[in-house]
Amino acid sequence: DGSQKRYAPGVVVVAEHAPDKAVFERTLVHELVHAYDQCRAKVDWKSGAHHACAEIRASSLSGECDLSQEINRGVFGLMAHHGKCVKRRAALSLALAGRAEPEATVDAVFDRCYADTAPFERHPDFA
């Protein structure tokens, strides 16, 4: 009928994709950062820059790039590992969504989006 469908905001975590409490918590925080961004900034998910910024923030603030996670993935580096991980995971999210040039898109907005830690005062410490 040509009408635009509205969606009901929410977060769904599928149990098979969260094998333990730590994975569940990281996934939930990642998705809640997206929800926060949607409410605060009205993310235009069709925009590559908006999508990249949302993925940078969610990867950065969720704990998925803390050192222990990187070691578990077999990626180890003490110098700037967090930022490198955030770039890699944000670009992967964009690539999986079918975005062209995901690395360049992430690079174009990285510094501004990585510095934005709202609603936190700083990047959380996931020891």
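On a predicted model such as this, the values are computed, not experimentally measured, just so you know.

A.B. asks: Account for the state of the cysteines, naming residues and giving values.
C.D. replies: Scanning all chains against the criterion turns up 2 disulfides. Between the sulfur of C53 and that of C113 lies a disulfide, 2.0 Å long from S to S. Where C53 bonds to C113 through sulfur, the torsion about that S-S bond is close to -115°, and the disulfide is left-handed. Placement of C53 in helix α2 (residues 48-61) and of C113 in helix α5 (residues 102-115) is noted, with a sequence separation of 60 residues between them. Look at C53 and you get buried, because its relative accessible area is 14%. In the protein chain, the cysteines engaged in disulfides, taken in order along the sequence, are linked 1-4, 2-3.

A.B. asks: Outline helix α1 (residues 21-41), listing residues and values.
C.D. replies: The periodicity of an α-helix, 3.6 residues per turn, causes residues three or four positions apart to be oriented the same way. With 21 residues, α1 ought to run about 30 Å at 1.5 Å a step, and its terminal C-alpha atoms sit 30 Å apart, in line with that. Among all positions in α1, only V23, R26, H30, V33, H34, D37 and Q38 are buried. In a view along the axis of α1, the buried residues occupy a sector of 140°, so they form one face of it. For α1, the exposed residues set more than 90 degrees away from the buried face come down to K21 and C39. Capping of α1 at its N-terminal end is provided by D20; its side-chain oxygen lies 3.1 Å from the backbone amide nitrogen of A22. Two residues or fewer past α1, K42 is found with a positive phi of approximately 50°.

What counts and what doesn't
- In this convention, every chain numbers its residues from 1, walking through the sequence in written order.
- Note on the predicted model: pLDDT of at least 70 is required for a residue's local features to be given, and 80 or more for side-chain atom pairs to be given and counted; whole-chain, interface and lining totals, by contrast, use all residues.
- Side-chain metrics rest on all non-hydrogen atoms present in the structure, leaving aside hydrogens and water.
- Criterion for a disulfide: a pair of cysteine sulfur atoms within 2.5 Å.
- Put simply, DSSP H or I for four residues or longer makes a helix, DSSP E for two residues or longer makes a strand, and each gets a number counted from the N terminus.
- For every residue, the accessible area obtained with a 1.4 Å probe (protein chains only) is divided by the maximum for its type, and the residue is called buried under 20%, exposed over 50%, and partly exposed between those limits.
- Helix span, as expected, comes to 1.5 Å for every residue beyond the first.
- The arc in question is formed by the directions pointing from the helix axis toward the C-beta atoms.
- We call two N or O atoms a polar contact when they sit within 3.5 Å, provided that within protein one can donate a hydrogen and the other can accept it, with sequence-adjacent residues counted only if both atoms are side-chain atoms.

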